[in-house]
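Observations on the three-dimensional arrangement
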Amino acid sequence: MSTEKNNKKKSPIFIYYAILLITVLVISYMFVPKMLEPKTKEISFSEFVTMIKEDKAEEVEINPSEYKIKPKDFKESNTYYVTGNIYNDFHESSALLSLLDEKGLKYDSPIIESSYWLEIIVYVVPALATIVFFFLMYRAMNKKGGVMSFGKNTSKIYAETSTGKTFADVAGQEEAKQNLVEIIDFLNNPGKYTAIGAKLPKGALLVGPPGTGKTLMAKAVAGEAKVPFFSLSGSEFVEMFVGMGASRVRDLFKQATQNAPCIVFIDEIDAIGKSRDNSFSTNDEREQTLNQLLSEMDGFDSSKGVVILAATNRPEILDKALLRPGRFDRRIIVDLPDQQGRIDILNVHAKNVLMEPDVNFEVIARATPGASGADLENIINEAALRAVRAGKTRVSQKEMEEAIEVVIAGEEKKNRVMSDEEKRIVAYHETGHALVTSLLTHTEPVHKITIIPRTSGTLGYVMHVAKKEKVLMTKKELLEEIIILTGGRASEEIEFDSITTGAANDIERATEMARNIITTYGMSDNFGFVNWQKKNNLYLGDSKTMNCSEATHSKIDEEIQTIVADCYKKAVKILSEHKATLDAIASVLYEKENLTGDEFMKLFAELEPDIVLTRNEDGV
Ligand code: ADP
Ligand code: MG
Ligand code: ZN
């Protein structure tokens, strides 16, 4: 196994050499000559003669315009002494010449002007530096063959034979773990799957807010499967030299295939996997890297047992091509933990910390809705630091509670963690949606309701059961959808007599739906069987432009408003009639933060015995 852990710094080596070279050149040409260049000092002729008489001269130069002395202390003073040639006729100077002869000074050759060192620095060093630079570049290029294959020898790819992590290190992500169990099994017994002819997904994408343990989870998968773990971070792909990213990807897959079965993990894949359309600045390097990744994923044979995992907290910006079947077709949600999850995570991280028996993780977990695994780890560490500072040998509940404030409230994460009042509002809002759904359609409303805030900005959500896929929808169903969407805001208004910003997304969707009823589906009596809005692009998103006159446009806007307002009134009516049920379910949701569809059905059956809800399972 080629383990190249230590050449982390190697990649921009040419940059370092180039910078060094330029620095040497600049210094030698600009500064050194100035510093070393001998100075010339004008002296009078009599001083000149005195210097010679006093044996201070080492060399003398006589030329038609001046006399010049190189003194014996030239090394220290770096100064020549000159005086004008006062004799017009050479013979007139015979007295001076005999003095020079007497002192044994030569005067027939010019003093060599510049110093020896100056020559070396100005001419030899730059030449040497240049030669060394080209030599190094040449050698680096040839090392792996291929002209200009900078990327090759700088690959940082490495395999950790064992990541040292297992599922036991990842707490409270049961759903994600279950989804990954199959991948582990596949890595251990690829034969079992290939014998039947089953193709396993080549890649799985771990999606979730920062700090929820995506990286950790990927390592745990490798640890559970006991296979090597090749990891690379998306940002590492995109570096200075064009072509480096692409060649890294190539290297990565080559190494992985040689070491199969193994896991290739690309962390923060959004750095390269950003959608190629609708970005203003194109980044060729990133695009090349992405294309290389796409073609490698298509090219390699997954039956050999290479599984690609990637992680991102921005799935919405990923290129569609990455998400299509045969690539990262499997999406594994790694969500913020619920209360029980938080307790489990605290337990995992508390293992190595000495705790007083009074520490109660349930209280801590209750106080930290919206905290990620990383936050919780941080809380424990902060508490431990505080205990040390206080001179204690064990962490007590007091430090834990202080740490919550420091970690959660002290940082910008504040807006992600809800206050108690907000939590109550969100509980009512989400219950409103769910209750309206079941009262209107008499079906199980949801798969899951949660009021754990997301980093994406939603404070809670209702996960709908995947209904049997419908090709056609009636107008009644569409209107029901709008009523359900308004149910959240309606519930807030009924209970708190005030409304919040939390319904922005509901409003957007309700408006869009009402607009479609009129402009696209031709369902409005006032506007008839006419298309008023055309799709701009069939495959890229669903941007649309209005396809009507200004006058019609404003009438359509009015009608949209009427439809939504009607629906809102209906939602208020429904919820007011069942206020007791709303209160009861909202308070349970407030307590538990999560309600599954089953739990909701049970509660509902107790509270509204007259209404029977049908299951709304996939395909039923
Ligand atoms: P992500 O990659 O999702 O941003 P990381 O995997 O880097 O998050 O998690 C950061 C740290 O937080 C982990 O090293 C781990 O110590 C802690 N952590 C996060 N989630 C969990 C979890 N579910 N169980 C245990 N520890 C967790
Ligand atoms: Mg990570
Ligand atoms: Zn809502």
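Our structure's up above, just so we're on the same page.
Since this is a predicted model, take the numbers as computed values, not measurements.

The local shell around ligand 1 holds 16 residues, among which Gly211, Lys214, Thr215, His349 and Glu377 are the closest. A distance of 2.7 Å separates an oxygen atom of ligand 1 from a polar atom in the backbone of Gly211. Here a nitrogen atom of ligand 1 and a side-chain polar atom of His349 are 2.7 Å apart. Protein contacts shield 82% of the accessible area of ligand 1, which totals 560 Å² for the unbound molecule. Contributing elements (two or more residues each) for the shell around ligand 1: helix H8 (214–225), helix H14 (339–350) and helix H16 (373–389). Of the residues in the shell around ligand 1, the class split is six nonpolar, seven polar and three charged.

Glancing now at the environment of Asn381. For Asn381, the location among the structural elements is in helix H16. On the basis of relative accessible area, Asn381 is assigned to the partly exposed category, the value being 44%. The spatial distance from the C-alpha of Asn381 to the C-alpha of Val407 is 10.0 Å, given a sequence separation of 26 residues.

This part is about the coordination of the zinc ion (ligand 3). Coordination of the zinc ion (ligand 3) by the protein is provided by His429 (NE2), His433 (NE2) and Asp506 (OD), with metal-donor distances spanning 1.9 to 2.0 Å. Positions of the donor residues of the zinc ion (ligand 3) along the chain correspond to the pattern H-x3-H-x72-D. Highlighted residues: His433 in helix H18 (residues 420–441) and Asp506 in helix H20 (residues 504–519), separated in sequence by 73 residues. The two residues His433 and Asp506 agree in class, both being buried.

Now for the sheet that holds strand E4 (residues 79–84). In a beta sheet, neighbouring strands are held together by backbone hydrogen bonds and run either parallel or antiparallel to one another. Taken together, four strands build an open sheet; the order of strands is E1-E4-E3-E2 and the sheet is mixed. Looking at which strands have only one partner, the edges of the open sheet turn out to be strand E1 (39–42) and strand E2 (57–62). Taking the axes of each pair of neighbouring strands and ignoring which way they run, one obtains an average angle of 25 degrees across the sheet. With four bridges joining them, E1 and E4 adopt parallel strand pairing. Residue pairing across strands places Lys41 opposite Tyr81, the latter belonging to E4. Helix H2 (residues 45–53) rests against E2, strand E3 (66–71) and E4 of the sheet, and its axis sits at about 40 degrees to E3.

Let us look at helix H23 (residues 597–607). Listed as buried for H23 are Gly597, Phe600, Met601, Leu603 and Phe604. Along the axis of H23, the buried positions cluster into a sector of 165 degrees, meaning they face one direction only. More than 90 degrees from the buried face of H23, the exposed residues found are Lys602 and Glu606. Looking at the packing, one finds that the buried side of H23 touches H18, strand E11 (448–450), helix H22 (579–592) and strand E15 (594–596).

Leu435, Ile449, Ile482, Phe600 and Phe604 are the most contacted members of the largest nonpolar core, which totals 44 residues. Mapped onto this core, the elements with two or more residues apiece are H18, helix H19 (475–496), H20, helix H21 (550–577), H22 and H23. Among residues more than four places away in sequence, those in contact with Phe600 are Ala434, Leu435, Ser438, Pro445, Ile449 and Ile585. Formed by 27 residues, the second largest nonpolar core is a distinct cluster that contains Phe167, Ala176, Ile263 and Ile332.

Here Lys226, not a glycine, exhibits a phi torsion of approximately 55 degrees, which is positive. You can see Lys226 is positioned in the loop between H8 and strand E7 (229–233). Since its relative accessible area comes to 70%, Lys226 is described here as exposed. Even without being a glycine, Glu593 presents a positive backbone phi close to 70 degrees.

Here we take up H21. Helix length check: H21 (28 residues) gives 41 Å between terminal C-alpha atoms against 40 Å at 1.5 Å per residue, within 8%. Taken together, the buried positions of H21 are Thr552, Ile556, Glu559, Ile560, Ile563, Val564, Cys567, Ala571, Ile574 and Leu575. Along its buried surface, H21 packs onto H18, H19, H20, strand E14 (544–546) and H22.

Extensive coverage of E4 is indicated by the burial of five of its six residues. By the bridge criterion, four bridges tie E3 to E4 in an arrangement that is antiparallel. Following the sheet pairing, Glu66 is matched in E4 by Gly84.

Reading the values: rules and limits
Residues numbered from 1 in each chain as written. Chains lettered and ligands numbered in written order. Predicted model: local features only at pLDDT ≥ 70, side-chain atom pairs only at ≥ 80, totals over all residues. Heavy atoms only, no water. Near = heavy atom within 4 Å. Polar contact = N/O pair within 3.5 Å; in protein donor to acceptor, adjacent residues only side chain to side chain. Areas by Shrake-Rupley, 256 points an atom, 1.4 Å probe, with all protein chains shown as cover. Helix = DSSP H or I, 4+ residues; strand = E, 2+ residues; numbered from the N terminus. Nonpolar A, V, L, I, M, F, W, Y, C, P; charged D, E, K, R; others polar. Buried < 20%, exposed > 50% of the residue type's maximum accessible area, 1.4 Å probe, protein only. Donors = N, O, S within 2.8 Å, 3.2 Å for Na, K, Ca; no water. Pairing = 2+ DSSP bridges. Axes fitted to C-alpha atoms, helices over the stretch in contact; angles between N-to-C directions. Contact = heavy atoms within 4.5 Å. Arc of directions from axis to C-beta. Core = buried A, V, L, I, M, F, W, Y, C linked by side-chain atoms within 4.5 Å. Expected span 1.5 Å × (residues − 1).

Everything listed here is a matter of coordinates, which is why it stays silent on function.
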